[in-house]
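Report on the structure
In case you want the letters, here they are:
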Amino acid sequence: MGEEFPPGRPTAPEPASQRAISAEIAATHAADDGRALTQPRLDFSPYRSSVLRHPTRDLCHADPESIELAAPVFGHRDVDPLEADLTIQHGGEPIGERIRVTGRVLDGDGRPVRGQLVEIWQANAAGRYIHKRDQHPAPIDPSFTGVGRVLTDEDGSYSFLTIKPGPYPWRNHRNAWRPAHVHFSLFGTEFTQRMITQMYFPGDPLFALDPIYQSITSQSARDRLVAEYDHDLSEHEWLLGYRWDIVLTGAHATRMEQGGDHG
């Protein structure tokens, strides 16, 4: 029934139930009514670790030129087009539902952002990452590592061929599950210009229960994280297609993560 503690040592608190977390989400949304935050609250209490690790002091100023001297360098010759196909990176076929995710990277005025390095990482079809910290009892797929990258073209477009990820448990509260999602990382012209976000799939029943997704109190902003199924992008007897545009600035900007990886 859990870890044994020596006499006199306090027992670990019971994790909150999903009902309690959902009540906290509803209360925080009600308190934010009228503000409708389009970026995630950094101190969103239902997302437990955000309270402990969100920034509480002003950012430190640094010379960007000195940082960039030690930053990675990338370009068209460094990114192989085959890296955008996550289904052929190993000897065998990965297990799961084959999908294509495509879209455009745009600025706030709808102009394409060209030459943008777009990286993705994700769990496999069983909801398991290839990472030593992911030890939940779901199978590892030896033919799928779940990482890829591509450069946007002249139209700001990107495209990945991959496997639809599965939901997975996490330890925020009791019986906590993350909706299926794909992590996106975008680099500008310099390494210091990096932004990270997540793309979700339409109709996921876990949306209302997930404190990371719900840390954005604006419903319209949350909706912009959800890809659209595109039947014209689907391929006969081969894959399903999803379309997801990323807007970097302006009123319709895509929500970006701040202060660490959100799992």
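Since this is a predicted model, take the numbers as computed values, not measurements.

**Concerning the pattern of salt bridges**
- Using the criterion set out here, one finds twelve salt bridges in the structure.
- Among the ionic pairs, Glu-83 bridges to Arg-149, the shortest N-O distance being 2.7 Å. Of this pair, Glu-83 sits in the loop between helix H3 (64–68) and strand E1 (98–106) while Arg-149 is found in strand E3 (residues 147–151), placing the two residues 66 residues apart along the sequence.
- The partly exposed category is assigned to Arg-149, whose relative accessible area is 22%.
- Here the salt bridges share partners, and the residues they tie into one network are Asp-107, Asp-109 and Arg-111.

**A short note on the pairing of strand E8 (residues 194–200)**
- Judged by how many residues are buried, E8 sits mostly within the fold: five of seven residues are covered.
- Relative to E8, strand E7 (residues 181–187) is paired through seven bridges, and the arrangement is antiparallel. If you follow Ser-185 over to E8, its bridge partner there is Ile-196.

**Points about helix H1 (residues 18–31)**
- When the terminal C-alpha atoms of H1 are compared, their 20 Å separation across 14 residues agrees well with the 20 Å that a helix rising 1.5 Å per residue should span.
- Regarding H1, the residues found buried are Gln-18, Ile-21, Ile-25, Thr-28 and His-29. Around the axis of H1, the buried residues are gathered within 100° of arc, so they sit on the same side. Seen from the buried face of H1, the exposed residues on the opposite side, beyond 90 degrees, are Arg-19, Ala-30 and Ala-31.
- Residues of H1 that are buried in the fold lie against helix H2 (48–53) and helix H4 (219–223).

**Re the nonpolar core**
- By size, the foremost hydrophobic cluster in this structure holds 40 residues, and its most contacted members are Val-105, Tyr-158, Phe-160, Phe-184, Met-199, Trp-244 and Ile-246.
- Where this core is concerned, the elements lending two or more residues are H1, E1, strand E2 (117–122), strand E4 (157–163), E7 and E8.
- Among the nonpolar cores identified, the runner-up in size contains five residues, and Trp-121, Ala-123, Tyr-168 and Ile-196 belong to it.

**What to know about the side chain of Gln-214**
- Summarising the element assignment, Gln-214 is placed in the loop between E8 and H4.
- Ignoring any residue separated from it by four or fewer positions in sequence, one finds Gln-214 in contact with Ile-25, His-29, Phe-44, Phe-207, Ala-208 and Arg-222.

**Let's talk about the packing of aromatic side chains**
- The final tally for this structure, using the stated rule, is eleven aromatic pairs.
- Ring centres of Tyr-158 and Phe-184 lie 5.6 Å apart, and the angle between their planes is 70°; this geometry places the pair in the edge-to-face category. Within this pair, whereas Tyr-158 is found in strand E4, its partner Phe-184 is found in strand E7, the two being separated by 26 residues in sequence.
- Using a relative accessible area of 1% as the deciding quantity, one classes Phe-184 as buried.
- What links up through ring pairs into an aromatic cluster is the set Tyr-158, Phe-160, Phe-184 and Trp-244.
- Across the ring face of Trp-238, the terminal group of Arg-98 is positioned such that the distance to the ring centre comes to 3.7 Å.

**Looking at unusual backbone geometry**
- Despite not being glycine, Asn-175 shows a phi value in the positive range, around 60°.
- Position of Asn-175 relative to the elements: it lies in the loop between strand E5 (168–170) and strand E6 (176–178).
- A relative accessible area of 58% places Asn-175 in the exposed class.
- The residue Glu-237 is not glycine, and still its phi comes out positive at about 55°.
- Counting through the fold element by element, Glu-237 comes out in the loop between strand E9 (228–229) and strand E10 (240–243).
- Look at Glu-237 and you get exposed, because its relative accessible area is 73%.

How each quantity is defined
Residues numbered from 1 in each chain as written. Predicted model: local features only at pLDDT ≥ 70, side-chain atom pairs only at ≥ 80, totals over all residues. Heavy atoms only, no water. Salt bridge = Lys/Arg side-chain N within 4 Å of Asp/Glu carboxyl O. Helix = DSSP H or I, 4+ residues; strand = E, 2+ residues; numbered from the N terminus. Buried < 20%, exposed > 50% of the residue type's maximum accessible area, 1.4 Å probe, protein only. Pairing = 2+ DSSP bridges. Expected span 1.5 Å × (residues − 1). Arc of directions from axis to C-beta. Contact = heavy atoms within 4.5 Å. Core = buried A, V, L, I, M, F, W, Y, C linked by side-chain atoms within 4.5 Å. Phe/Tyr/Trp six-rings, centres within 6.5 Å; stacked < 30°, edge-to-face > 60°. Lys NZ or Arg CZ within 6 Å of the ring centre and 35° of its normal.

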